[in-house]
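Commentary on secondary and tertiary structure
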Amino acid sequence: MSSSADGPGLPVGTVVSLLEVAGAERAVDDVEIRDLLAGSGLPPDAVARVGDGVRHLRAGSERWRRRGRELSALSSSVRELAQLRDVDVLLERLVERAHDLVGTDITYLSEFDVRTHELRVRTTLGTTAPTFPGLRVPPGMGLAGRVAETRLPSWTSSYFTMSQAPHDPQIDATVAAEGISSLLGVPLLVGDEVIGVLFAGNRIEHTFSPEEISLLSAFADHAAVVLQTARLLARAQDAADETRQAYDQLARHVEAMERASGVHTDLTALVLRGGDATAVAEALGKALRCRVTILDAGLAVSTTASGSVGTGTAGELGAGSPRNTGTGPARGVSPGPAGNVGTGPARDHHDTSQTEAPVTGPARDTGTRRARDDRSSSNARDDNSGPVRDDPSGPARDLDTDPAQRIGTAPAHAPGTGDAGARADAVRRAVDESRRSGRCVPLAEGGREVVVAVVAGRTLLGALVLEQGAVEFGPVEHRTAERAAQITALLSLKQDALAEAEQTVRRDLLADLLADDPQRRAGVAQRAQARGIRTDRLASLVVVSLPAELRHSAARAAGRAVGSCGLIGEHADWVVALTTETDPAAAAALVHTAVRRALGRPALAVGAELGEVPDGVRGQVEAATACARVLPALGVTDTAATTDEYLPYTALFGPGEARVDAFVRRVLGPVLDWDAERGGHLLATLAAYLDNRLSPVATGRALHLHKNTVLQRLDRIGELLGERWQAPERLFRITVAVRIAHLTAARPGPAKPL
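Anyway, here's the lowdown on the structure attached to this text. (Residues numbered from 1 in each chain as written. Predicted model: local features only at pLDDT ≥ 70, side-chain atom pairs only at ≥ 80, totals over all residues. Heavy atoms only, no water.)

As for the sheet that holds strand β12 (residues 540-545)
Defined as follows: In this analysis, strands are considered paired if DSSP registers two or more bridges between them. A run of H or I in DSSP counts as a helix once it spans at least four residues, and a run of E counts as a strand once it spans at least two, with each numbered from the N terminus. Interaxial angles span 0 to 180 degrees and are taken between N-to-C directions of axes, which are lines fitted to C-alpha atoms, for helices over the stretch in contact.
Taken in spatial order, the five strands make up an open sheet running β13-β14-β12-β15-β16, and their pairing is mixed. Each of the sheet's edge strands pairs with one partner strand only, and the pair in question is β13 (567-571) and β16 (639-642). Within the sheet, the average angular offset between the axes of one strand and its neighbour, ignoring direction, is 20°. Pairing analysis gives four bridges linking strand β15 (residues 604-609) to β16, with the strands arranged parallel. Within β16, the position partnered with Ala605 by the bridge is Ala640.

If you want it as structure tokens, here you go:
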């Protein structure tokens, strides 16, 4: 080998060894380099120059190897991040990979708010201060604000002596709590838009090398693209979800509209066919697949229909059999109370499901005992707890009906009914609100039941209660229910008009039967038979005593109880019913129960055998009305009775309460005056004396008095009534007068003067 101008050349082996040392990945010190050059014969300065060159070459090789590893790690991290779609998970992994790449104590990412231009710490790794996560950096403040404004990396080896960016007290306090000294921040850029800043920090002073800055910047550039892609994909997914939800909502809306259109068609057909409220409930329940309960004007349960049990197609509405409580709307033309959605079909005398059983039992011994029993019953019922009515002539809200039919008690299968009283109040409130707004009203907050009032003008006809089933209730379903309520009101008014017309015809037939003119009575049988009434089967009559403003409603109620085979109407001051019931007591009980339930107030019903039709009807009606006039004088105002039970009183006094009072005054006047003036007990003593078969001893035991006291009182009675007051004929009249006076004194309300 030839020598150069600088001295002798190096052997090839030495050159190769030096190159191997320069490229070795193991640790190499200066001693090993000097040993390799020791036998080269080079002067000392040349040896030093070669050693410096080898070391420089070795540093460059080491730097490129480290750079290669960093780029490999960067590429691997970016590939991993690119597979993530969840933005939150991506941010956490991004900070983890940056932490691993630069090897600092703390790494965190601040997200840029486009609206406020604030930076908020979103994800951290290596931090310990609780105030650090979520820290907000105002615009232009601190190192983060500088990076966001300049869109360039920025760093400091000592944060608290940093002068290139303004300090914020809150930020400085948080940095001090975390113990951060040196800090490097690089922007996350997508085009010219800053979406965040990535930070790496140490708790000791550290000067960041260009390689560290370049590495974190390169990672931030790739991470920004991945992060923005993930955000765009998330937005696209959200948009797709919103589109799918909108499509599903549109599909449900179209289905609901088709359902509503079908219900509208069915309801129109019901109107044309002359359907009723029950058919409306069936159609609505079937279309909305829910349970529909009809409440009458008193808000008592009338009919329940469920779409889950209905049969037939939409064109066969009414073919199903809803569960009916027995008071559902009629399916034909039958008298019913005006404005009552819950009016039931007319029942003949065999149907007693909604009435009290006829009074039966041992024969009544005297009319007086019956009067006393009925007076006690009247006292128990005649209080201030009667029903509330908006219109005295209209149907009342009967609070004394069967508890199962009350507003507050839902059917046994209804879930979540809760306390009956609370439910009653909730239904009333919902009906009142729906009545004002004309809209469906939820029965309870977040509940599955809605209520819609059935109204005609200002008149409440009832309500529909819908319990959600398979179909979720929405605005379309609510509008469908409201339309059904309007149709129900229309059908109810139509049925009421037909029922009123039918009732008018029957009232005219009854008036002809009771007319004085024989010619009017002659053709009644044929005309009645044309209405389906066999006059030869009429067996009993009932007269009802009520104020004039209640007679119309009472006639409607009696008509439903008697059924289509009877005749009911107003005659003079009475409501008269002719029935096919062969037992007058049973007929009177049937009518009395129906009228009292409909009006919610006391009623007096008197029954009698009908006799020969048509000529004997007028006479029997006069006998029943005569009995009905006498009974109030005996304190009987709320009962079902027969003329036979009170025949002695009717025969004695005939019609008129004034005659009864005059008779008592004429027979017992002195005794009554004595008791009134002196506070005596002569009348009570006389009554006990008569009850105990004229025995002074028995009378004393009954009154807890000594025999001599009884005799003294009897002597006083003899002085007042005359010495022959115990003669048989006189004693009979006194006995009757005492009975009447005793009953009259005990009747409810202020006693009449005798």
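Description of the packing of aromatic side chains
Stated precisely, the cut-off is as follows: Only centres within 6.5 Å qualify two rings of Phe, Tyr or Trp (six-membered ring in Trp) as a pair; their planes then separate them into stacked at under 30 degrees, edge-to-face at over 60, and tilted for everything else. Exposure is judged per residue with a 1.4 Å probe applied to protein chains only, and the accessible area is read against the type maximum: over 50% gives exposed, under 20% gives buried, and values in between give partly exposed.
The final tally for this structure, using the stated rule, is four aromatic pairs. Ring centres 4.8 Å apart and planes at 80° place the aromatic pair Tyr108 and Phe132 in the edge-to-face group. Residue Tyr108 is located in strand β1 (residues 106-112), and its partner Phe132 is located in the loop between β2 (119-125) and β3 (136-137); the two are separated by 24 residues in the primary sequence. Tyr108 sits in the buried class, given a relative accessible area of 8%. Considering the side-chain rings of Tyr108 and Phe199, the 4.7 Å spacing of their centres and the 15° angle between planes classify their relative orientation as stacked.

A word on the pairing of β1
Of all seven residues that make up β1, six are buried, and the element is covered over most of its length. Examined bridge by bridge, β1 and strand β6 (residues 193-202) share six bridges and lie antiparallel to one another. Bridging from a neighbouring strand, Leu109 pairs with Leu198 of β6. Pairing between β1 and β2: six bridges, direction antiparallel. Pairing of Tyr108 across the sheet is with Thr124, part of β2.

A short note on the nonpolar core
Looking at soluble globular proteins, one finds that nonpolar side chains tend to be buried together. Which entries qualify depends on this criterion: For this analysis, a nonpolar core means a set of buried residues of the types Ala, Val, Leu, Ile, Met, Phe, Trp, Tyr and Cys, connected via side-chain atoms within 4.5 Å. Note on definitions: a residue-residue contact is assigned when non-hydrogen atoms from the two residues lie within 4.5 Å.
In this structure, Leu578, Leu631, Leu668 and Trp725 are the most contacted members of the largest nonpolar core, which totals 57 residues. With eight residues, helix α18 (residues 657-678) is the largest single contributor of residues to this core. Residue contacts for Trp725: discarding those within four places in its chain leaves Leu686, Tyr689, Leu714, Ile717, Gly718, Arg730, Leu731 and Ile734. With 29 residues, the next largest nonpolar core counts Leu270, Val292, Leu461 and Leu466 among its residues.

Quick notes on the pattern of salt bridges
Here is the rule: Definition used for salt bridges: Asp or Glu carboxyl oxygen within 4 Å of a side-chain nitrogen of Lys or Arg.
One pass over the full model with this rule turns up 20 salt bridges. Of the charged contacts in the structure, one is a salt bridge between Arg739 and Asp691, with a shortest N-O distance of 2.5 Å. Of the two residues, Arg739 sits in helix α22 (residues 728-746) while Asp691 sits in helix α19 (residues 682-691), which places them 48 residues apart along the sequence. A residue is classified by how much of its surface remains accessible, and Asp691, at 48% relative accessible area, is partly exposed.

Points about helix α8 (residues 277-288)
Condition: A helix is expected to span 1.5 Å for every residue after the first.
The first and last C-alpha atoms of α8 sit 16 Å apart over 12 residues, in line with the 16 Å expected at 1.5 Å per residue. Burial analysis of α8 places 11 of its 12 residues in the buried class, the great majority of the element. Packed against the buried residues of α8 are α7 (210-273), β7 (291-295), β8 (301-306), β11 (459-467) and α11 (475-513). Positioned one or two residues after α8, Arg289 has a phi angle of 50°, which is positive.

As for the sheet that holds β7
Within a sheet, adjacent strands bond to each other through the backbone by hydrogen bonds, running parallel or antiparallel. Read across the sheet, five strands follow the order β8-β7-β11-β10-β9 without closing on themselves; strand pairing throughout is antiparallel. Each having just a single partner strand, β8 and β9 (441-442) make up the two edges of the open sheet. Inspection of the sheet shows β7 paired to β8 by five bridges, in the antiparallel sense. Pairing of Leu295 across the sheet is with Val301, part of β8. Where helix α10 (residues 420-437) meets the sheet, it contacts β7, β9, β10 (449-456) and β11, and its direction lies at approximately 55° from that of β10. The strands touched by α11 are β10 and β11; relative to β10, the strand with the most contacts, the crossing angle is about 35°.

Things to note about a nonpolar patch on the surface
The cut-off we apply is this: The patches described consist of residues with a relative accessible area above 30% and no salt bridge, like charges being joined within 9 Å and nonpolar side chains (Val, Leu, Ile, Met, Phe, Trp, Tyr) within 5 Å. Each accessible area is a Shrake-Rupley estimate made with a 1.4 Å probe; only the visible protein chains count as cover when residues are assessed.
The grouping of Val15, Leu19 and Leu57 at the surface amounts to a nonpolar patch, some 260 Å² of accessible area in total. Looking at where Leu57 falls in the secondary structure, it is placed in helix α3 (residues 44-82).

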